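Each chain, letter by letter, is given below.
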2 protein chains.
Amino acid sequence: MPHLVEPNIPHRAMLTPPKDSHPEKGIVTQLRAYLAQSDLPEDGRLPPERELSSALGVSRTELRKALDVLEEEGQLWRHVGKGTFLGSRPLDTFADISALARRSNPAEVMRARLVMEPEIARAAAFSATPAAIAEMRLCLARSRQAETWRHYEGWDTRLHRTIAEATQNSLLLGLFDTLNAVRRAVTWGRLRTAPVRPAPTHHSFAEHDAIVEAIELRDMAGAAAAMRTHLKSVERKLLEQQDSRPEDR
Amino acid sequence: MPHLVEPNIPHRAMLTPPKDSHPEKGIVTQLRAYLAQSDLPEDGRLPPERELSSALGVSRTELRKALDVLEEEGQLWRHVGKGTFLGSRPLDTFADISALARRSNPAEVMRARLVMEPEIARAAAFSATPAAIAEMRLCLARSRQAETWRHYEGWDTRLHRTIAEATQNSLLLGLFDTLNAVRRAVTWGRLRTAPVRPAPTHHSFAEHDAIVEAIELRDMAGAAAAMRTHLKSVERKLLEQQDSRPEDR
DNA sequence: ATATAAACCAAATCATAATTGGTCGCTCAC
DNA sequence: GTGAGCGACCAATTATGATTTGGTTTATAT
């Protein structure tokens with residue numbers, strides 16, 4: 001148990017400056033002075049609030065008010081568990097797949113797919129080449145022939161990626177790949193690994209057909225709608241599975 | 001201290017199958033059979049070598065030889081500390097911002113934004129908290145007060161990111177951040193640092209207002225449409241600039 | 001009413017232990 | 001001798017638990 005009882009330090013109330021008409025402003029300036037003279041570590045991190053408040057002889061509440069002001073001014077940024085730092089918040093833009101996967105979950109992945117993939121399909125309907133469409137048809141055929149769920153999923157993944165490629169937008173493709181990597185990395189309760197093959201009536205077959213058909217017809221709205229319908233089906237299936245099998249972890 | 005001394009387990013040398021003319025080949029087929037019948041977890045990870053060897057009744061050395069064969073065939077991949085997995089090694093899908101930016105260009109970035117951000121705004125209209133909306137309004141006000149283009153862009157960026165945060169979907173937020181990082185990397189050369197402030201009639205002001213207003217009204221379609229309108233304006237402005245100033249990169 | 005102190009919370013970090021594929025050295029059987 | 005089995009060790013990775021830290025709430029006092 002840390003920090004049991006504060007040893008009896010004589011209060012320094014008398015050392016506090018005389019009452020100010022705007023006391024919080026005074027603390028702000030006091031804090032500014034401290035930040036100016038104190039040499040902070042390389043990363044601009046300043047001591048935790050609990051230390052700083054006692055060092056400045058103010059309550060943590062008041063210190064936090066002052067910090068709020070400086071943060072509002074953009075002079076520093078704070079984050080729970082990390083600390084308080086001078087300067088502007090570093091855009092945490094390293095798209096670390098594993099980090100994303102750790103913070104995410106299957107429901108989020110499905111919602112992200114529902115945001116991205118219909119629009120990707122729309123773009124693909126606009127710019128897909130005949131070769132890309134041929135590859136989509138190949139994926140459709142192979143996924144129907146798949147003898148195991150593992151094989152089926154392989155062709156399913158390839159179909160969706162082919163659609164993303166068909167946008168001819170390398171950035172969109174990169175974002176799609178990132179999303180896909182997170183999807184695979186997210187540890188959802190081990191799904192179907194059954195060695196049985198998907199039933200010929202599996203809902204995805206017809207839905208995939210509809211997507212590719214719309215793309216081939218250059219029907220942008222139709223492609224987006226078909227993709228949305230498909231992902232909604234997948235989502236429903238996912239939720240059913242999750243409900244019927246409440247095992248967690 | 002773990003695993004002090006292995007308890008004295010009687011050797012099972014006599015239980016080993018009779019000598020095979022090509023022992024290692026036999027183990028490979030045995031391993032193949034095991035992989036075919038055993039249902040592996042979603043990620044394709046198979047049991048650690050120490051378990052698998054005893055489960056198959058072969059020595060770890062022999063098992064590793066068999067695994068070497070399968071790895072050479074590309075049927076599985078291994079990594080120290082992680083384990084052994086079926087399928088092909090996941091291409092290092094770390095979303096390398098600089099690599100993406102190198103392959104991309106401003107036009108692609110704009111199209112990617114037009115794909116993602118309207119749908120993000122739609123989702124935000126559904127799930128934004130009052131606090132998030134308050135922050136959006138703050139960004140609106142501050143961007144109007146901005147005294148330089150740099151400040152304006154700061155608040156503009158923060159507004160768009162706040163909208164992405166309001167989806168309450170960390171994965172979408174991560175994808176948005178990736179897109180944003182690429183955007184900044186791509187437009188790195190040509191950031192206008194003009195000290196003049198944006199005109200009060202700047203098109204983005206009213207467009208931003210419309211987006212936030214739709215989000216506040218929970219008007220999902222309206223938010224998506226407003227965001228699309230805004231990005232179309234930005235795209236038009238971008239193309240004008242690019243035309244009038246044909247400098248590339 | 002306001003401020004303070006204390007307690008609690010969740011996110012992040014740190015420290016430590018346990019796994020896991022890769023490698024080396026020894027022993028034994030043939 | 002040659003090769004296989006066995007055990008130990010290594011480094012990379014993961015898992016786990018305690019600690020730190022900003023954010024929030026509550027009770028108390030002035």
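Everything here concerns the structure above.
Going along each chain's sequence as written, the residues are numbered from 1 onward. Lettering of chains starts at A and numbering of ligands starts at 1, both following the order in which they are written. This being a predicted model, a pLDDT of at least 70 is required before a residue's local features are given, and a value of 80 or more before pairs of side-chain atoms are given or counted; all residues contribute to the totals for chains, interfaces and linings. Hydrogens and water are ignored here; the side-chain numbers use all heavy atoms of the structure.

### Looking at the packing of aromatic side chains
Classification of ring pairs rests on two measures: the distance between centres of Phe, Tyr or Trp rings, Trp counted by its six-membered ring, which must be within 6.5 Å, and the angle between planes, read as stacked under 30 degrees, edge-to-face over 60 and tilted in between. Enumeration over the complete set of coordinates arrives at six aromatic pairs over all chains. Centroid distance tyrosine 152 of chain A to phenylalanine 205 of chain A: 5.8 Å. Interplanar angle 90 degrees. Geometry classified as edge-to-face. Separated by 53 residues along the polypeptide, tyrosine 152 of chain A in helix H7 (residues 149–166) and phenylalanine 205 of chain A in helix H9 (residues 203–216) bring together distant segments of the chain. Here the two residues tyrosine 152 of chain A and phenylalanine 205 of chain A agree in accessibility, since each one is buried. Look at tryptophan 77 of chain B and phenylalanine 85 of chain B: their rings are 4.6 Å apart centre to centre, the planes differ by 15 degrees, and that puts the pair in the stacked class. Of the two residues, tryptophan 77 of chain B and phenylalanine 85 of chain B, neither departs from the other in class, the shared state being buried. An aromatic cluster of at least three residues, connected via ring pairs, comprises Trp149, Tyr152 and Phe205 of chain A. Counting from the N terminus, the helices are the DSSP runs of H or I reaching at least four residues and the strands are the DSSP runs of E reaching at least two. Between buried and exposed lies partly exposed: a residue is buried under 20% and exposed over 50% of the maximum accessible area for its type, with that area taken using a 1.4 Å probe on protein chains only.

### Structural notes on the packing of helix H6 (residues 130–145) of chain A against H9 of chain A
Residues and elements named next belong to chain A. In this description, a line fitted to the C-alpha atoms serves as the axis of each element, helices being fitted only across the stretch in contact, and the angle between N-to-C directions of two axes falls anywhere from 0 to 180 degrees. Between H6 and H9, whose axes approach to 10 Å, the crossing angle comes to 170 degrees. Here H6 lies roughly antiparallel to H9, going by the angle between them. Counting all contacts with H6, which are made through Ile133, Met136, Arg137, Leu140, Ser143 and Arg144, the residues of H9 involved are Phe205, Ala206, His208, Asp209, Val212, Glu213, Ile215 and Glu216. Along the lines of polarity and charge, the residues of the contact of H6 with H9 split into seven nonpolar, two polar and five charged. For classification purposes, angles smaller than 35 degrees are called roughly parallel, those larger than 145 roughly antiparallel, those between 65 and 115 roughly perpendicular, and all remaining angles oblique. Note on definitions: a residue-residue contact is assigned when non-hydrogen atoms from the two residues lie within 4.5 Å. For this classification, Asp, Glu, Lys and Arg are treated as charged, while Ala, Val, Leu, Ile, Met, Phe, Trp, Tyr, Cys and Pro are nonpolar and the rest, including Gly, are polar.

### Comments concerning the interface of chain B and chain A
If you look at the interface, chain B gives 40 residues, while chain A gives 39 residues. Accessible area that two parts lose when put together, with a 1.4 Å probe and added across both, is what the buried area reports. Surface buried jointly by chain B and chain A totals about 3500 Å² across both partners, of which 60% is contributed by carbon and sulfur atoms. A carboxyl oxygen of Asp or Glu within 4 Å of a side-chain nitrogen of Lys or Arg is what we treat as a salt bridge. In this structure, the connection of chain B to chain A is made through one salt bridge. Put simply, glutamate 72 of chain A and arginine 142 of chain B hold a salt bridge, and the shortest N to O gap is 3.6 Å. Between N or O atoms, a polar contact is any pair within 3.5 Å; within protein, one atom must be a potential hydrogen donor and the other a potential acceptor, and residues adjacent in sequence are included only when both atoms are from side chains. At the junction of chain B with chain A, the criterion picks out six residue pairs in polar contact (both at pLDDT 80 or more). Where the side of chain B that touches chain A is concerned, the elements lending two or more residues are helix H4 (97–103), helix H5 (106–127), helix H6 (130–145) and helix H8 (170–186) of chain B. For the side of chain B that touches chain A, the leading source of residues is H8 of chain B, giving 11 residues.

### Here's the deal with the nonpolar core
Buried together is how nonpolar side chains tend to be arranged in soluble globular proteins. With 81 residues, the main nonpolar core has Ile163 and Ile215 of chain A together with Ile163 and Ile215 of chain B as its most contacted residues. If sequence neighbours within four positions are ignored, isoleucine 163 of chain B has contacts with Ile120, Ala121, Ala124, Met136, Ile211, Ile215 and Met227 of chain B. We call a set of buried Ala, Val, Leu, Ile, Met, Phe, Trp, Tyr and Cys residues a nonpolar core when their side-chain atoms join them within 4.5 Å. In this structure, Leu52, Leu67, Leu70 and Leu76 of chain B belong to the second largest nonpolar core, which totals 15 residues.

### Remarks on the protein's contact with DNA strand C
Note on terminology: near, applied to a residue and a molecule or strand, indicates that one of the residue's heavy atoms is within 4 Å of it. Residues in close proximity to DNA strand C total 23 residues, the closest being Ser59 and Glu62 of chain A together with Glu49, Arg60 and Arg64 of chain B. When the atoms of DNA strand C within 4 Å of the protein are grouped by moiety, sugar and phosphate amount to 62% of the total. The side chain of arginine 60 of chain B places a nitrogen or oxygen atom 2.6 Å from a base nitrogen of DNA strand C. Of all the elements in the fold, those that place two or more residues in the surface near DNA strand C are helix H3 (60–72) of chain A together with helix H2 (49–56), helix H3 (60–72), strand E2 (76–79) and strand E3 (83–86) of chain B. When residues in the surface near DNA strand C are grouped by element, the largest group, four residues, is from H3 of chain A. In the surface near DNA strand C, the residues fall into four nonpolar, eight polar and 11 charged.

### Thoughts on the protein's contact with DNA strand D
Taken together, 23 residues lie near DNA strand D, and Arg60 and Arg64 of chain A together with Ser59, Glu62 and Lys65 of chain B sit nearest. A distance of 2.9 Å separates a base oxygen of DNA strand D from a polar side-chain atom of arginine 50 of chain A. Among the elements of the structure, helix H2 (49–56), H3, strand E2 (76–79) and strand E3 (83–86) of chain A together with H3 of chain B are those that each provide at least two residues to the surface near DNA strand D. In terms of residue count, H3 of chain B provides more of the surface near DNA strand D than any other element does, four residues in total.

### Section: the side chain of serine 233 of chain B
All names here are of chain B. One can find serine 233 in helix H10 (residues 220–244). Taking the relative accessible area as the measure of exposure, serine 233 reaches 9% and is therefore buried. Ignoring any residue separated from it by four or fewer positions in sequence, one finds serine 233 in contact with His203 and Glu207.

### Notes on helix H8 (residues 170–185) of chain A
All names here are of chain A. Given a helix with a known number of residues, its expected span is that number minus one, times 1.5 Å. Taking 1.5 Å per residue as the helical rise, H8 with its 16 residues ought to reach 22 Å, and the 22 Å between its terminal C-alpha atoms agrees with that figure. For H8, a buried count of 14 out of 16 residues is recorded, marking the element as mostly surrounded by other parts of the structure. The N-capping residue of H8, defined by a side-chain oxygen 3.0 Å from the backbone nitrogen of leucine 171, is asparagine 169.

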